[in-house]
Amino acid sequence: MGLDMYAFTVSAADAGDNVVDLKRYDDNDNELFPKEEIYYWRKFNALHGWMEDLYREKGGTGKDFNCNTVRLNEVDLRRLEQDVFNNELKPRNGFFFGSQEIYPEDIESVADFIAKARHAIAEGKAVYYDSWW
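Here's the deal with the sheet that holds strand S1 (residues 4–11)
Moving on, step 1. A sheet is described by the order of its strands in space; here four strands give the open sequence S2-S1-S4-S3, paired in antiparallel fashion. A single partner strand is all that each edge strand has here, and the edge strands are strand S2 (36–42) and strand S3 (70–72). In this sheet, neighbouring strand axes are inclined to one another by 25° on average, regardless of whether the strands run parallel or antiparallel.
Moving on, step 2. In this fold helix H2 (residues 45–57) packs onto S1, S2, S3 and strand S4 (125–132), with an angle of close to 95° to the strand it touches most, S3.

Encoded structure:
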């Protein structure tokens with residue numbers, strides 16, 4: 001058990017104006033449209049906390065930010081880039097969230113994710129963050 005974190009894309013047409021809590025399955029658990037995973041992290045709690053703050057800013061109301069999605073646009077990616085490289089990510093507490101330390105490879109993973117997310121957006125895709133713990 002632990003904090004598993006994902007970034008995925010869907011077509012912008014399928015995403016529509018949905019900013020938080022993208023509904024991807026119908027009432028019978030059938031997938032409404034395909035997604036493509038573009039990044040995975042494990043127990044990077046400071047990034048998860050940053051995404052939760054973004055989720056709340058965009059109107060998300062999920063109680064514990066578990067299995068909730070938030071869409072990232074270019075403005076969000078620029079802000080994330082600045083916050084990461086200015087050491088402004090703050091670790092969060094959580095029973096399943098892992099270490100409070102931020103490692104150099106964590107920072108590198110965010111840079112790699114941002115590049116992939118920008119490429120996806122340029123291709124007309126919507127980029128979302130999701131997690132499960």
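Quick notes on helix H4 (residues 104–122)
Moving on, step 1. For H4, with 19 residues, the first-to-last C-alpha span of 28 Å sits near the 27 Å given by 1.5 Å per residue.
Moving on, step 2. Listed as buried for H4 are Asp 106, Ile 107, Ser 109, Val 110, Phe 113, Ile 114, Ala 117 and Ala 120. Axial view of H4: buried residues confined to an arc of 150°, hence all on one face. Turned more than 90 degrees away from the buried face of H4 sit Pro 104, Glu 108, His 119 and Ala 122, all of them exposed.
Moving on, step 3. The secondary structure elements touched by the buried residues of H4 are S1, S2, H2, helix H3 (74–85) and S4.
Moving on, step 4. At the exit of H4 stands Gly 124, carrying a positive phi of roughly 85°.

Comments concerning the environment of Leu 77
Moving on, step 1. Looking at the element boundaries, Leu 77 is found in helix H3.
Moving on, step 2. On the accessibility criterion, Leu 77 (0% relative accessible area) is buried.
Moving on, step 3. The spatial distance from the C-alpha of Leu 77 to the C-alpha of Val 110 is 9.8 Å, given a sequence separation of 33 residues.
Moving on, step 4. If we skip the residues at most four places from it in the chain, Leu 77 touches Leu 72, Phe 113, Ile 114, Ala 117, Arg 118 and Ile 121.

Scoring rules and cut-offs
- Residues numbered from 1 in each chain as written.
- Predicted model: local features only at pLDDT ≥ 70, side-chain atom pairs only at ≥ 80, totals over all residues.
- Heavy atoms only, no water.
- Pairing = 2+ DSSP bridges.
- Helix = DSSP H or I, 4+ residues; strand = E, 2+ residues; numbered from the N terminus.
- Axes fitted to C-alpha atoms, helices over the stretch in contact; angles between N-to-C directions.
- Contact = heavy atoms within 4.5 Å.
- Expected span 1.5 Å × (residues − 1).
- Buried < 20%, exposed > 50% of the residue type's maximum accessible area, 1.4 Å probe, protein only.
- Arc of directions from axis to C-beta.

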